[in-house]
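Summary of structural features
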Amino acid sequence: MVITLLLVVPVVAAAASFAVRQRLFSQSLLVGVALAHLVLTGAAWVHPAAPVLWGWFGLDALGLWFLSGLSVLLLPTSVYTVGYLRRRVKGPEDHSDSWFVGTLLLFVATMTAVPLALHFELLWVALEATTLASAPLIYFHRSRHAVEATWKYLMVCSVGIALALLGTVFLVGAAARAEVFPTVSGMVAGAGALDQNWVRLAFVFFVVGYGTKMGLAPMHAWLPDAHSEAPSPVSALLSGASLNCALLAILRCLQVVEATGDGAFARSVLLGLGLVSMAFAVVFILNQKDFKRLLAYSSVEHMGIIAVGVGLGGMAAWGALLHALIHGWAKGAFFMLSGNVLSTYGTKEVGKISGIARLLPATGLLWIIAIVVITAIPPSGLFVSELLILRGALGEGRPAVTVTFLLLLFLAFVGLTRVLLPMLLGAKGAPVAREHDDGRDRGESVWLVLPPAVLMAAAVLLGVALPEPLRGVLESAMLLLGGGQ
Amino acid sequence: MTLVWALLLLLNLFLYASSRLMMYIRVVALQGLLLGILGIYQHAGELAWSVLAVALLSTVIKAFLLPWFLASTVQKTGIRREIVPLVGFGLSTVIGVAFLALALVIAGHLDAVAGEEAVQLLVVAFHTLLTGLFLCVARAQISSQAIGYLVMENGVFVAGMAFAGRSSVVAELGVLLDISVAVFIMVAVIHHVRREFAGLDAANLTELRD
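Model, not experiment: these values are computed from the prediction. Sequence order as written defines the numbering, with residues in each chain counted from 1. Here chains are named by letter from A upward and ligands by number from 1 upward, in the order in which they appear as written. Under the rules for a predicted model, residues below a pLDDT of 70 receive no local features and side-chain atom pairs below 80 are neither given nor counted, while totals for whole chains, interfaces and linings still include all residues. Side-chain calculation: all heavy atoms of the structure are included, whereas hydrogens and water are not.

A look at the overall build of chain B
What counts as a helix is a DSSP run of H or I of at least four residues, what counts as a strand is a run of E of at least two, and both are numbered from the N terminus. Within chain B, the regular secondary structure consists of 8 helices and 0 strands. Order of helices (α) and strands (β) in chain B, N terminus to C terminus: α-α-α-α-α-α-α-α. Its C-alpha atoms give chain B a radius of gyration of 18 Å, within 12% of the compact-globule value 17 Å for 210 residues. A simple rule labels every residue: compare its accessible area, found with a 1.4 Å probe on the protein chains alone, to the largest value its type can have, and call it buried under 20%, exposed over 50%, or partly exposed in between. Counting across all 210 residues of chain B, residues that qualify as buried make up 56%. To get the radius of gyration, use the C-alpha atoms; to get the globule rule, take the number of residues to the power 0.38 and multiply by 2.2 Å.

Printed below as a string of structure tokens:
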């Protein structure tokens, strides 16, 4: 029941938003759906959700972990979106609020389907659908740059995901030959009968294909464009949730690979790509002049960190799962703040922005906290997860990996703070007059400040203490990740 | 069936040498039709109505609906008809043949695990996939990139045939839906690109960079 509702409610709401075309209705609908999403996910924590459609959709611990990440991000994002739409000055050719909310809800529906999909083909369908639903959102603003970013996003991710479909074909084919069910649990249970070669080949295509969507270098080229050109609430969901969806798809394949006893190979692939991604990201972070692109490259870096953690396994993989959750919330919050800054200053160029702290006091305060959280300074939850990954690396006896990892973290820290901190201080940088400025509030309303504050608080709280139920689910998820049932 | 495989490979090679957008679309349509025939032939033994219905639907969409949609877009909008190659047509054809050799080598390596009949299908699959990728990279207009994507998907479809007990009807419908929606959205974005950049040259789409 819970799973059916989770799959159906956002779609129905999207249809309603398109049909009714009423501003207030759409906005309240969005918040309502986000609330329902959170309640339903909460229900799944209390009572295990029964699978539907012959077990093609279901909720295991790993799915629940990622679903919860999405669900917690969603409510603040929807509140922020209402504030964003209220502030927006609509141009003559722009889409209506109802269109935006409807498409956003479709995007949410597809991202909800990913952690619920246990059948490998449906997983692909859901992930490709996240690309399709989010592409129109990126060019909501109809600028040249937004159109360019949309095309690259659509094309690069579609081509990448087509390769993941080939991987899926190999995996499902291997299942068919071994006469096991092509679901995650089915394949893990019947792993003994699977042909290791096909599974291994499938994993390679999964990593290349879904890795594109996850933003792993060198397949990340589309990411900084799309994440920086999209409207800020959409950027928040892209970086905070859709990257994790692609990560989960890779982890699903890893479960099967582990079960066939080939885990070491798969993990070394992830470890290597993770370090490469971190290195790529650091190069671009150090020379960045556009603060939304900077945040986007930081997402590439964090996806790299997660891949390294999963690749190391054990305690590091535990840290990686924690990192995925917290990074999603923190980056979502940071993109919301960046939206406040962008709408006030009318530019993404770092050199033209100073004095956020004086012009936008609340956003300024949260900006500092966001820098602390995203660069993993205590009490950020990311500090804990990165520490776990580091301890995992040391425990595995990988000094070279540990040193490289630390060095890249340090460089990213320098790059991020060097750009983001000076924006806070300085003279009250005269904001560039916005196009069609009609003197409405310029950056800060409760709608726009409270949501990132809540998310940031959550990101810090998980660093202070990991509640017992979360620990339990994380333990079960770790078992699954190791190829267990 | 060997005839169909050979035809599919020939169509691929034709794509490397062709210089007209409409020809691309026709080739993709023909590919869709051949894949449909191949798919229905494969299922001929079982004749479950649902499987047959999906195979028919898939053929209609890939061989008629999507190509018709692309062709009518080209006609209506006056998109430039001739392809601008980034890699010359002669060299392209050579690359196409080299890809065929590559596909043979890759599929040959999978001989032991795939079985003989499947290997032939895999050759076609890999070659089609590589052809699609090539069109995405080596042709200047973004409209050819969209067609390259369709060709890639066709390649994946052939790979799926290499495994006898294939996917379920529901999943196949989902994949079909995704691909169709993808093409529709791509065309919508192509319209926007045309308006913003006064042309479809992918080289224009380089304003975003670090």
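Looking at the overall build of chain A
Counting its secondary structure elements, chain A contains 19 helices and 0 strands. A globule of 485 residues ought to have a C-alpha radius of gyration of about 23 Å, and chain A, at 21 Å, matches this closely. Reported as C-alpha extents along the three principal axes, the dimensions of chain A are approximately 70 × 55 × 40 Å. Taking all 485 residues of chain A together, the buried fraction comes to 66%. Taking the contacts inside chain A whose residues are at least 6 apart along the sequence as the reference set, 81% of them involve residues at least 24 apart. Any two residues having at least one pair of non-hydrogen atoms within 4.5 Å are treated as being in contact.

What to know about unusual backbone geometry
All names here are of chain A. At the junction of Ala-217 and Pro-218, the peptide bond is cis and its omega measures out at 5 degrees in the coordinates. Structurally, the position occupied by Pro-218 is in the loop between α8 (196–214) and α9 (222–229). Of note in the backbone geometry, Arg-21 takes a positive phi value of approximately 55 degrees without being a glycine. With respect to the secondary-structure elements, Arg-21 resides in the loop between α1 (2–20) and α2 (23–46).

Remarks on the environment of Ala-71 of chain B
Residue and element names in this part refer to chain B. Position of Ala-71 among the secondary structure elements: in helix α3 (residues 49–77). Remark: the alpha-carbon pair of Ala-71 and Tyr-24, spanning 47 residues in sequence, is separated by 9.8 Å. Every residue in contact with Ala-71, bar those within four places of it in the chain, is listed here: Met-22 and Ile-25.

Quick word on helix α1 (residues 2–17) of chain B
All names here are of chain B. Multiplying one less than the number of residues by 1.5 Å gives the expected span of a helix. With 16 residues, α1 extends 23 Å between its outermost C-alpha atoms, agreeing within 8% with the 22 Å of an ideal straight helix rising 1.5 Å per residue. Within α1, burial applies to Val-4, Trp-5, Leu-8, Leu-9, Leu-11, Asn-12, Leu-15 and Tyr-16. Axial view of α1: buried residues confined to an arc of 155 degrees, hence all on one face. Relative to its buried face, α1 has exposed residues pointing more than 90 degrees away, namely Thr-2, Leu-3 and Leu-10. If you follow the buried residues of α1, they end up packed against α2 (21–43), α4 (89–109), α6 (116–138) and α7 (142–161). To obtain the arc, one takes the directions from the helix axis to the C-beta atoms.

Quick word on the nonpolar core
Working definition of a nonpolar core: buried Ala, Val, Leu, Ile, Met, Phe, Trp, Tyr and Cys residues. They are joined through side-chain atoms within 4.5 Å. Formed by 267 residues in total, the largest nonpolar core has its most connected members in Phe-203, Leu-321 and Trp-367 of chain A. If we skip the residues at most four places from it in the chain, Leu-321 of chain A touches Leu-62, Trp-65, Phe-66, Leu-251, Leu-474, Ala-477, Met-478 and Leu-481 of chain A. Tyr-16, Val-87, Phe-99 and Leu-130 of chain B belong to the second largest nonpolar core, which has 6 residues in total.

Topic: the interface of chain B and chain A
Listed as interface residues are 47 residues of chain B and, on the opposing side, 48 residues of chain A. Buried area is a sum: the accessible area each of two parts loses on coming together, probed at 1.4 Å, counted once for each and added. Of the roughly 4,100 Å² buried at the junction of chain B and chain A (both faces included), carbon and sulfur atoms supply 71%. If you sort the residues of chain B by the area they bury against chain A, Phe-163, Leu-208 and Asp-210 of chain B come out on top, with a joint share of 19%. Salt-bridge detection follows one rule: a side-chain nitrogen of Lys or Arg within 4 Å of a carboxyl oxygen of Asp or Glu. Summed over the shared surface of chain B and chain A, the result is 1 salt bridge. For the salt bridge of Arg-144 of chain A with Glu-207 of chain B, the shortest nitrogen-to-oxygen distance reads 2.7 Å. Nitrogen and oxygen atoms within 3.5 Å of one another constitute a polar contact, given that in protein one can donate a hydrogen and the other can accept it, and given that sequence-neighbouring residues count only through two side-chain atoms. If you look at where chain B meets chain A, you find 9 residue pairs in polar contact (both at pLDDT 80 or more). Elements supplying a minimum of two residues to the side of chain B that touches chain A: α5 (111–114), α6, α7 and α8 (169–197) of chain B. It is α8 of chain B that contributes the most residues to the side of chain B that touches chain A, 17 residues altogether. As a working rule, the residues Ala, Val, Leu, Ile, Met, Phe, Trp, Tyr, Cys and Pro are called nonpolar, Asp, Glu, Lys and Arg charged, and the rest polar, with Gly in that last group. For the side of chain B that touches chain A, the class distribution of residues is 31 nonpolar, 9 polar and 7 charged.

Regarding the confidence of the model for chain B
Residues and elements named next belong to chain B. This prediction gives chain B a mean pLDDT of 87; 96% of its residues lie at or above 70. Confidence of the predictor in every single residue is expressed as pLDDT, which spans 0 to 100. Of all the helices and strands in chain B, α5 carries the lowest mean pLDDT, 69, while α7 carries the highest, 92. The ipTM for the predicted assembly is 0.94, set against a pTM of 0.95.

A look at the packing of α2 of chain A against helix α3 (residues 61–87) of chain A
All names here are of chain A. Where α2 meets α3, the closest approach of the two axes is 9 Å, and the angle between their N-to-C directions is 160 degrees. The angle between the axes of α2 and α3 places the two elements in the roughly antiparallel class. Considering how the two elements wind past one another, α2 and α3 form a crossing that is left-handed. Grouping the constituent residues of the contact of α2 with α3 by class yields 16 nonpolar, 7 polar and 2 charged. Lines fitted to the C-alpha atoms define the axes, with helices restricted to the stretch that makes contact. Angles between their N-to-C directions range from 0 to 180 degrees. Any angle that is under 35 degrees is reported as roughly parallel, and any over 145 degrees as roughly antiparallel; angles of 65 to 115 degrees are reported as roughly perpendicular and all others as oblique. A crossing counts as left-handed when the near helix is turned anticlockwise from the far one by less than a right angle, and as right-handed when that turn is clockwise.

Some points on the side chain of His-192 of chain B
Checked against the element boundaries, His-192 of chain B lands in helix α8. Taking relative accessible area as the criterion, His-192 of chain B reaches 14% and is therefore assigned buried. In contact with His-192 of chain B, not counting residues within four places along its chain, are Tyr-139, Arg-142 and Val-147 of chain A.

Regarding the packing of helix α6 (residues 144–178) of chain A against α6 of chain B
Contact pair α6 of chain A / α6 of chain B: the axes reach a minimum separation of 11 Å and the direction vectors enclose 170 degrees. If you check the angle between α6 of chain A and α6 of chain B, you find them roughly antiparallel. Counted together, Met-155, Val-159, Leu-163, Leu-166, Phe-170 and Arg-177 of chain A of α6 of chain A and Ala-118, Leu-122, Phe-126, Leu-129, Leu-133 and Cys-136 of chain B of α6 of chain B form the full contact between these two elements.

Observations concerning the environment of Val-31 of chain A
Residue and element names in this part refer to chain A. Position of Val-31 relative to the elements: it lies in helix α2. Here Val-31 falls in the partly exposed class, since its relative accessible area comes to 21%. For Val-31, the residues in contact, after removing those within four places along its chain, are Leu-75, Ser-78, Val-79 and Val-82.

A short note on the packing of aromatic side chains
Only rings of Phe, Tyr and Trp enter the pairing, Trp through its six-membered ring, and a pair is recorded when the two centres are within 6.5 Å. The plane angle decides the type: under 30 degrees is stacked, over 60 is edge-to-face, the rest tilted. Enumeration over the complete set of coordinates arrives at 17 aromatic pairs over all chains. When the ring of Trp-99 of chain A is compared with that of Phe-140 of chain A, the centres are 6.0 Å apart and the planes differ by 0 degrees; the resulting orientation is stacked. Highlighted residues: Trp-99 of chain A in helix α4 (residues 97–116) and Phe-140 of chain A in the loop between α5 (120–138) and α6, separated in sequence by 41 residues. Here the two residues Trp-99 of chain A and Phe-140 of chain A agree in accessibility, since each one is buried. When the centroid spacing of 6.2 Å and the interplanar angle of 80 degrees are considered together, the rings of Phe-99 of chain B and Phe-134 of chain B count as edge-to-face. Taken together, the positions of Phe-99 of chain B in helix α4 and Phe-134 of chain B in helix α6 put the pair 35 residues apart, joining distant regions of the chain.

Remarks on the environment of Ser-144 of chain B
All names here are of chain B. Position of Ser-144 among the secondary structure elements: in helix α7. Classification of Ser-144 by relative accessible area gives buried; the value is 0%. A C-alpha to C-alpha distance of 10 Å links Ser-144 and Glu-82, two positions 62 residues apart in sequence. If we skip the residues at most four places from it in the chain, Ser-144 touches Tyr-24, Ile-83, Leu-135 and Arg-139.

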